[in-house]
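Spelled out, the chains give:
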Amino acid sequence: MDKSLKTIGLTALAFVAYRAYKLYELGNSFDWEFYGMKFQRPANWQDALNKYQVVLIFEVKNPTKTSLSMRGLEGSIREGGNLLGNFKTGNFTIKGGSTFINVVVDLDSKYVASTLIPSLLSRVSPKFDISLTTIFPFGIKYNQKFNIDAKEYIPKDFQSFFKI
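All of these numbers come straight from a predicted model, not from anything done at the bench.

**Student:** Help me get a handle on the overall build of the protein chain, residues and values and all.
**Tutor:** Broken down by element type, the protein chain carries two helices and 10 strands. Its helices and strands taken in sequence order, the protein chain reads α-β-β-β-β-β-β-β-α-β-β-β from the N to the C terminus. In the protein chain, buried positions account for 37% of the 164 residues.

The structure is reproduced here in structure tokens:
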């Protein structure tokens, strides 16, 4: 009886190790790319006067047909060393092929009013540093950094950049 329990335990441990390795392998096969950004006002009309948001759009390319439920994303966005805002998302699923993920970040209104809007209106594009932590199942975290020049994402008809 004791030997059979030991065999069952070792088999279960081997299975869990194999599944964890496959999860790690699947996570490393994903290709994360920054896809775009847009500025918007909050949907709540009471917050619309003094709060600003930026929507960061990420594309995740999954070369397999396997779907994976993620525990979320967290991170921050900075410009010139100044912290603009932190973000954290809920659960989402990465499907086979391309999956687009929109992350809404509440921006620091002091920074937006004093620096960001004047620079955008004068056509000086800010350069953002985005820190992104992907949270896989079982709490496994994967860190990435993106350096983004907003110039690449500002449309020629400047008004469409802002969803007001």
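**Student:** Outline the pattern of salt bridges, listing residues and values.
**Tutor:** A complete count under the given rule lists four salt bridges for this structure. Glu74 is the partner of Lys141 in a salt bridge, and the nearest nitrogen-oxygen pair spans 3.4 Å. Of the two residues, Lys141 is situated in strand E9 (residues 141–149) and Glu74 in strand E4 (residues 72–79); the sequence distance between them amounts to 67 residues. Salt bridges here are not isolated pairs; linked through shared partners, they connect Glu74, Lys88 and Lys141.

**Student:** Any chance you could break down the pairing of strand E5 (residues 82–88) for me, citing the residues and the numbers?
**Tutor:** Of the pairings in the sheet, the one linking E4 to E5 comprises six bridges and is antiparallel in character. Within E5, the position partnered with Ser76 by the bridge is Asn86.

Procedures and definitions
Note on numbering: residues in each chain are counted from 1, in written sequence order. Local features in this predicted model are restricted to residues whose pLDDT is 70 or higher, and side-chain atom pairs enter the listing and the counts only when it is 80 or higher, whereas totals over whole chains, interfaces and linings include all residues. With hydrogens and water stripped out, all remaining heavy atoms of the structure feed into the side-chain values. Only DSSP runs of H or I reaching four residues or more are called helices, and only runs of E reaching two or more are called strands; each is numbered from the N terminus. Remark: exposure states derive from per-residue accessible area (1.4 Å probe, protein chains only) relative to the maximum for the residue type, with buried under 20%, exposed over 50%, and partly exposed in between. Any carboxyl oxygen of Asp or Glu within 4 Å of a side-chain nitrogen of Lys or Arg constitutes a salt bridge here. Strands qualify as paired when DSSP identifies two bridges or more between them.

Interpretation note: all reported values are geometric properties and have no functional meaning in isolation.
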